[in-house]
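Chain and residue survey
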Amino acid sequence: MDFVSDTLFNGRRIRALAIIDLYTRESLAIEVDHSLPGQRVVRILDRLIEQKGIPEAITTDNGPEFTSIVMDTWANKNNVKLDFIRPGKPIENAYAESFMGRFRDECLNENVFVSLEDARKKVIDWREDYNFRRPHSSLNNMTPVEFYMSKMTKIANLEVLNKTG
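One structure accompanies this document, and this report is about it. Computed from a predicted structure; not experimentally measured.

1. Here's the deal with the layout of surface pockets
- Size it by volume and the largest pocket reaches roughly 510 Å³.
- For the lining of the largest pocket, the secondary-structure elements that each account for two or more residues are strand 2 (13-20), helix 1 (38-52), strand 4 (57-60) and helix 5 (144-164).
- Per element, the largest residue contribution to the lining of the largest pocket is four residues, and it comes from helix 1.
- A per-class count over the lining of the largest pocket returns 17 nonpolar, four polar and two charged.
- One number sums up the size of the second largest pocket: a volume of about 170 Å³.
- Lining the second largest pocket are 13 residues, and of these Ile-30, Glu-31, Val-32, Arg-47 and Ile-124 lie nearest its centre.
- When residues in the lining of the second largest pocket are grouped by element, the largest group, five residues, is from strand 3 (residues 27-33).
- For the lining of the second largest pocket, a count of residues per class yields seven nonpolar, one polar and five charged.

2. Description of the pattern of salt bridges
- A complete count under the given rule lists 13 salt bridges for this structure.
- Linking Asp-33 and Arg-120 is a salt bridge whose minimum nitrogen-to-oxygen distance equals 3.1 Å. With Asp-33 in strand 3 and Arg-120 in helix 4 (residues 116-132), the pair connects residues that are 87 residues apart, well separated along the chain.
- In this structure Asp-33 comes out as buried when scored by relative accessible area, which is 14%.

3. With respect to the packing of aromatic side chains
- Scanning the entire structure with this criterion turns up seven aromatic pairs.
- With centroids separated by 6.4 Å and ring planes inclined at 15 degrees, the aromatic side chains of Phe-99 and Phe-103 adopt a geometry described as stacked. Here the residue Phe-99 and the residue Phe-103 both occupy positions in helix 3 (residues 94-108), the gap between them amounting to four residues, near one helical turn. Taken as a pair, Phe-99 and Phe-103 share a single burial class, namely buried.

4. Quick word on the pairing of strand 3
- Counting buried positions along strand 3 yields seven of seven residues, so the element is predominantly enclosed.
- Where strand 2 and strand 3 come together, six bridges link them in antiparallel fashion. By the bridge assignment for strand 3, Ala-16 is matched with Val-32.
- From the end of strand 2 to the start of strand 3, which pair antiparallel, there are six residues, and Arg-25 there has a positive phi angle of about 65 degrees.

About the criteria used
- Residues numbered from 1 in each chain as written.
- Predicted model: local features only at pLDDT ≥ 70, side-chain atom pairs only at ≥ 80, totals over all residues.
- Heavy atoms only, no water.
- 1 Å grid on protein atoms, 1.4 Å probe; cavity = no way out; pocket = protein on both sides within 12 Å on 5 of 7 lines; lining within 4 Å.
- Points joined across faces, edges and corners; volume = space filled by probe spheres on them.
- Helix = DSSP H or I, 4+ residues; strand = E, 2+ residues; numbered from the N terminus.
- Nonpolar A, V, L, I, M, F, W, Y, C, P; charged D, E, K, R; others polar.
- Salt bridge = Lys/Arg side-chain N within 4 Å of Asp/Glu carboxyl O.
- Buried < 20%, exposed > 50% of the residue type's maximum accessible area, 1.4 Å probe, protein only.
- Phe/Tyr/Trp six-rings, centres within 6.5 Å; stacked < 30°, edge-to-face > 60°.
- Pairing = 2+ DSSP bridges.

Purely spatial values, then, with no claim about function.
This is the structure in C-alpha cells:
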C-alpha cells in the first residue's frame, strides 16, 4: 500500500491511498480524500478484511500513517506483519511503485478533477477498468479479477475433493 498526491482544479491537494494484492495484481482499494490519517487507513483495511480476509503481511514505506500507533495496534490485533521497506529504497516495493506510476500516468495525469467527488468517481472508473477489463501478461493474460476467480475455483474444487475423498 502507498500514497500518491494530486490537486483539484482549484489547487486544493488530494491524496489517494492505493492497496494492491501483489499475488493477484488486483487493486483492492483506492481511497481518495483531502486527508487520510492512520485511523482512516485502519478503517479501510478492516473493510478489506471483511471482503478478502486477513493478509499475512502488508508491504509499505515508513510514512507516518503506516508507522503510527494506530496501525501498529491494528496489525498486532489482526496478526498482520507490517513489512516496512528501507527508507529511500522504493525498489523493495517494486510492484506497488509500478502500479502507482501507472495510476498516476493513466488516471491522475489524464484527468482534471473539479471536486473531490469528481476525483473519486474518475478513480473508481479507472480502478474498475484496471481490475475487470485489462489483461496482465504476468497473470497469463487474465485480468486481476479473472485470475483471482480462477484461483478461488481451484481451491474450492480441492476442498470438495478432500471432503469426498
